[in-house]
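Analysis of the macromolecular model
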Amino acid sequence: MVVGAGTVGAACALYAARAGLEVILVDRGPVAGGTTGAGEGNLLVSDKEPGPELRLALLSLRLWQELARDGLARAFEYEAKGGLVVASTPDALASLTDLAAGQRAAGVDAVPVDAHELRDLEPHLAAGLAGGMLYPQDAQVMPALAAAHLVRASGARLETGRTVTRILRGPDGAVRGVRTDRGDLRAPAVVNAAGTWGGDVAALAGVALPVLPRRGFVLVTEPLPPRVRHKVYAADYVADVASDSAALQTSPVVEGTAAGPVLVGASRERVGFDRSFSLPAVRALAAGATRLFPFLEHVRAMRAYAGFRPYMPDHLPAVGPDPRVPGLFHACGHEGAGIGLATGTGLLIAQCLAGGSPELDLSPLRPDRFDDPGHPDRHTEEAAPWIR
Amino acid sequence: MTERRPVLAVIGAGPAGLAAALAAASRGVRVVLVDSAPSVGGQFYRQPVPGPGARRSQMLAHQRRTWDRLRAGLDVHLTAGRVTHLSDRHVWCVERESGRFVVHALLGPAQEESAAVRADAVLLATGGYEKVLPFPGWTLPGVVTAGGAQALSKGGLSLPGRVAVVAGSGPLLLPVATGLAAAGTRVVALIETAAPAAFARQARTWATTPVKLAEGAVHAARLLRRRTSVMSRHMVVEAHGEDRVESVTVTAVGADGRPAPGSERRIVCDLLAVGHGLLPHTDLAEGLGCRLDGASVRVDDEQRTDVPGVWAAGEATGIGGADLSLAEGHIAGRSAAARLTGTAPDPRGWARAARTRTRLRTFFAALESAYGEPPARWPEQVTDDTVVCRCEEVTAGAVREAVAELGAGDLRTVKLLTRAGMGWCQGRVCEPGVAGVAGCALAPARRLLARPVPLGVLAAPADPTPPQ
Ligand SMILES: Cc1cc2nc3c(=O)[nH]c(=O)nc-3n(C[C@H](O)[C@H](O)[C@H](O)COP(=O)(O)OP(=O)(O)OC[C@H]3O[C@@H](n4cnc5c(N)ncnc54)[C@H](O)[C@@H]3O)c2cc1C
Ligand SMILES: Cc1cc2nc3c(=O)[nH]c(=O)nc-3n(C[C@H](O)[C@H](O)[C@H](O)COP(=O)(O)OP(=O)(O)OC[C@H]3O[C@@H](n4cnc5c(N)ncnc54)[C@H](O)[C@@H]3O)c2cc1C
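The paragraphs below set out a description of the structure included in this document. Think of each chain on its own: its residues are numbered from 1, step by step along the sequence as written. Throughout, the order in which chains and ligands are written sets their labels, letters from A for the former and numbers from 1 for the latter. In view of the model being predicted, local features appear only for residues whose pLDDT reaches at least 70, and side-chain atom pairs are presented and counted only at 80 or more, with totals across whole chains, interfaces and linings using the full set of residues. To obtain the side-chain values, all non-hydrogen atoms of the structure were included, while hydrogens and water were left out.

**Focus on the interface of chain B and chain A**
Two residues qualify as a contact provided that any one of their heavy atoms is within 4.5 Å of a heavy atom in the partner residue. With 39 residues of chain B at the contact, the number on the chain A side is 39 residues. The term buried area refers to how much accessible surface (probe radius 1.4 Å) is lost by two components on association, counted for both of them together. For the pair chain B and chain A, the two sides together bury roughly 3200 Å², of which 62% comes from carbon and sulfur. Area buried by chain B at its contact with chain A is led by Leu406(B), Leu448(B) and Leu455(B), which between them contribute 20% of it. Salt bridges are defined as contacts in which a side-chain nitrogen from Lys or Arg sits within 4 Å of a carboxyl oxygen from Asp or Glu. Taken together, the connections running from chain B to chain A amount to 3 salt bridges. Note that Glu405(B) is salt-bridged to Arg152(A), the shortest N-O span being 2.6 Å. Think of a polar contact as two N or O atoms within 3.5 Å of one another; within protein, one of them needs to be a possible hydrogen donor and the other a possible acceptor, and neighboring residues in sequence only count if both atoms come from side chains. At the junction of chain B with chain A, the criterion picks out 12 residue pairs in polar contact (both at pLDDT 80 or more). Of all the elements in the fold, those that place two or more residues in the side of chain B that touches chain A are strand S4 (89-97), strand S5 (100-107), helix H10 (396-406), helix H11 (411-418), strand S23 (453-454) and helix H13 (455-459) of chain B. Gly is placed with the polar residues, together with every amino acid not listed as nonpolar (Ala, Val, Leu, Ile, Met, Phe, Trp, Tyr, Cys and Pro) or charged (Asp, Glu, Lys and Arg). In terms of residue class, the side of chain B that touches chain A is built from 20 nonpolar, 10 polar and 9 charged. Only runs of H or I of at least four residues qualify as helices and only runs of E of at least two qualify as strands under DSSP, and these elements are numbered from the N terminus.

**Observations concerning the site of ligand 1**
Residues and elements named next belong to chain A. The full set close to ligand 1 counts 36 residues, and Asp27, Thr35, Thr36, Glu335 and Gly340 are the nearest of them. Asp27 is positioned with one of its side-chain polar atoms (N or O) 2.6 Å from an oxygen atom of ligand 1. The contact in question runs from an oxygen atom of ligand 1 to an N or O atom on the side chain of Thr36, over 2.5 Å. Elements with a contribution of two residues or more to the shell around ligand 1: helix H1 (7-18), strand S13 (212-223) and strand S18 (300-311). Here the element with the most residues in the shell around ligand 1 is S18; it accounts for 4 residues. Looking at the shell around ligand 1 residue by residue, the class counts come to 14 nonpolar, 16 polar and 6 charged. Those domain boundaries reflect an automatic or database domain assignment. The residues that make up the shell around ligand 1 include at least three from each of domain 1 (2-64 + 143-210 + 314-371) and domain 2 (83-136 + 212-311). We call a residue near a molecule or strand as soon as one heavy atom of that residue lies within 4 Å of the molecule or strand.

**Some words on the nonpolar core**
Note on soluble globular proteins: their nonpolar side chains tend to be buried together. To form a nonpolar core, buried Ala, Val, Leu, Ile, Met, Phe, Trp, Tyr and Cys residues must be joined to one another through side-chain atoms within 4.5 Å. Burial classification: accessible surface area is computed with a 1.4 Å probe over protein chains only, and a residue below 20% of its type maximum counts as buried, one above 50% as exposed, and the rest as partly exposed. Residues Trp64(A), Phe76(A) and Leu150(A) are the most contacted members of the largest nonpolar core, which totals 94 residues. Of all the elements, helix H2 (residues 52-72) of chain A adds the most residues to this core, at 11 residues.

**Description of the sheet that holds strand S3 (residues 83-86) of chain B**
Residue and element names in this part refer to chain B. The sheet built from 5 strands is open, its strands ordered S3-S2-S1-S7-S20 with parallel pairing. Whereas interior strands pair on both sides, the edge strands pair on one side only; in this sheet they are S3 and strand S20 (310-312). Here the average twist between neighbouring strands, direction ignored, is 20°. Paired strands are those between which DSSP finds at least two bridges. Pairing geometry for strand S1 (residues 7-11) and strand S2 (residues 30-34), over 5 bridges, is parallel. The residue of S2 that forms the bridge with Ala9 is Val32. Fitted lines through C-alpha atoms serve as axes, helices being fitted only where they are in contact, and the angles separating the N-to-C directions of these axes extend from 0 to 180 degrees.

**Some thoughts on H2(A)**
Counting along an α-helix, one turn takes 3.6 residues, and residues three or four places apart therefore face a common direction. Within the sequence span of H2(A), burial applies to Leu54(A), Leu56(A), Ala57(A), Leu58(A), Leu59(A), Ser60(A), Leu61(A), Leu63(A), Trp64(A), Leu67(A), Ala68(A) and Leu72(A). Packing partners of the buried residues in H2(A) comprise H1, strand S3 (42-43), helix H3 (90-105), strand S7 (139-140), helix H5 (143-154) and helix H8 (342-353) of chain A.

**A closer look at the packing of aromatic side chains**
Aromatic ring pairs: the centre-centre distance and the angle between the two ring planes describe each pair. Ring pairs shown here join Phe, Tyr and Trp side chains whose ring centres sit within 6.5 Å, with only the six-membered ring taken for Trp; geometry is labelled stacked below 30 degrees between planes, edge-to-face above 60, and tilted in between. What the rule picks out here adds up to 5 aromatic pairs over all chains. Aromatic pair Phe44(B) and Tyr45(B): ring centres 5.1 Å apart, planes at 65°, arrangement edge-to-face. A centroid spacing of 5.0 Å and a plane angle of 20° characterise the contact between Tyr45(B) and Trp67(B), whose relative ring orientation is stacked. Of this pair, Tyr45(B) sits in the loop between S2 and helix H2 (61-80) while Trp67(B) sits in helix H2, and the two are 22 residues apart along the sequence. We note that Tyr45(B), like Trp67(B), is buried. Through a chain of ring-to-ring contacts, the aromatic side chains of Phe44(B), Tyr45(B) and Trp67(B) assemble into a single cluster. One cation-aromatic arrangement involves Arg28(A) over Trp197(A); the distance from NZ or CZ to the ring centre is 4.8 Å. The ring of Trp138(B) is capped by Arg390(B), whose NZ or CZ atom sits 5.1 Å from the centre of that ring. A ring has a charge above it when a Lys NZ or an Arg CZ is no more than 6 Å from the ring centre and no more than 35 degrees off the ring normal.

Interpretation note: all reported values are geometric properties and have no functional meaning in isolation.
Given below as structure tokens:
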């Protein structure tokens, strides 16, 4: 039983079905009605530091490629267009180069691009940049179509318009299914893929899972002839005097789409579920985009939309079995990378469900890690330097 | 130093905005009246384009008197500097800024530069837009919206046809047919989905209601009786033509809401004006985070939204004709003035307007249920190959597939999975049609940018200027 028909739930359903399990996918709304329908579909390795998230990203990208090769590429608009990260100053370029060295060691392709070569890759890029890094593995999908087509390919029994109100547990504490507003559904295993609402679903089983909303805006322009070829964003070197740390800060990703509009996204704010328009956030997006591509100044934004990323205090998702509740699995909290990380998450969950050992070490993603009083991120809020 | 007068920004200079501006300006408030049109008036008092060949405005006597009063009152306030009219300003966003507001507008007609005004409160009087439903042939040249036809005939512009059919549902069809006829078009048929009884009751209600609007109805009925065949409980199921509309197929509506078998007939025409009423403009309100009631901005008895400092009046808060907009605007303007000048608002002061408001809201609610709805089964007439979203060229078949096979279940997911509503109009035209074909509710669209805005403007919006 997978709760949540976003991209993550859809991928869990697909790989679980492929592992030979019978799958029911339940969602209170339609397919892709949650954050999946409110974000972008960047599948990135370029923005991740070496560590568990990058390992999950590399696995996921490989799986996205396989799905695309299996004939789904057109259905969910898969494009392996590559990412181009540019640096405006020599300092920023130096830290980008450092980051890339670490990423390369972890298995990422990262190709340095000299200042004078940037325009060969992106003819409309601003002048005067110090250089950049090309990440050929970065790709993209259309998230809502991806979710819909993964669900369809899974052959899972789809139960939309049903809200899970309780996780049913037997006398031994083990999961037996879910109660919904339209009757019970029985299953010996429940996967919590409820995204930003993952904490609420965990609470239905009586366990804590700190998933919180982080708002993001995306800008969509009028349709244009293709002018932006890669996913392009700026890496800027920021010396934070107060904390004595030097972090690399990124500006919004600018990218063209098959349908013509250019997407600029996304902002990050922790404001709860406030849906009202924020001009400062959107202003920052537009400023970042026009700094990279001056021609965009005269291009119109047709719409701005907001979504709520599911984030956890240490900016890593919860993936795997919950030792506190036998039969309960979590696959949520992917923050700004849930589309990219969906396939790997789905495969790992399926491997756990099938009783095998998952091909990545899941201990850093343990759902109960915040119960540990010694966990460094138990109380911290904002740690990651990535503001995209 | 004199004390600064509080500033109220009124967005929209139709009946609601004008009434609000006058009420507030007379009560110690500085009003900035912002509208996208070159002159005040809104939908209803839209002024004919001056110049040779301009037709006489078709306003009725009482309407002209009201308009003259509004105009004269406005002129007095403009001269005295209590009201500033900023024309050709397309408001794309109202920003909340520590208890005050900044109204950001693109300068028309190019809409490339932005200007901003700061205000202590805002009053949204942005009116409504037309509800359009698709049918086979609706994209042919010569098929126009009822409001579009009305604007053309009022504006004294040349009409795209000589022989017209007016079709659809709702109370606007009569004035539209009248307007077309007065502008020299031969209106051969008025096709109305309401039942004859409802239609007749309607004309009677309009004639007996103290609403001045009734004059219009009587006037229209007289005009139409001369040469238009009025077909109630009928609908247009298809428009035909090669390069433009040449004829339409009309059928009777059966008891089940479907076309009655064997009732088809063709009517030759070169202009088809179709309308299904209006929908409130809520973009700016949604950007501000105001709560909606269904499709309209929710307001209290003083016309306040649930966001402090934001009032709304007129068609943005529900559809009900020019007189209702005037009453609501008046109340909103008085309430805003009282609250901005720190006096307690006194509803007794606007008791007459409040009575008019109650009467007209009741009247239009009844009208809506008796008369306003298209036949329940209209989506069945939309063939799979009919384009339902013109900007993105999405067919009805694609919408149906998204629902049946991909798990779409609301307007938003239909849009995500088909691109319907993602083009230039941002769904303003196609949403009701797409929702109908998809079989889901018409939910508010949350268009956070009320107008397309150049990224250069978004990156560095103009600083607010104090009102001159
Ligand atoms: C502006 C923005 C830009 C983004 N850009 C990117 C990007 O470029 N690349 C990327 O990889 N990620 C991006 N993300 C993040 C990404 O969108 C999310 O991480 C991802 O969508 C999460 O998917 P999900 O399936 O976990 O959650 P969701 O898509 O939110 O799905 C969860 C589902 O659970 C359902 N649900 C919740 N509670 C219940 C219940 N009690 N009963 C039944 N159903 C329930 C909900 O209805 C929902 O459909 C972006 C996010 C935002 C907001
Ligand atoms: C075809 C047709 C026929 C009608 N016939 C009649 C009739 O016979 N009798 C009757 O009583 N009523 C009639 N009506 C209804 C009448 O026009 C409306 O009830 C009335 O105009 C509503 O007034 P309002 O002030 O709320 O909005 P409007 O008159 O629509 O004024 C809104 C104003 O706001 C401006 N605006 C909107 N958004 C923005 C923005 N973002 N930035 C800047 N400006 C903005 C618009 O340009 C417009 O000027 C008819 C309507 C139509 C369409």
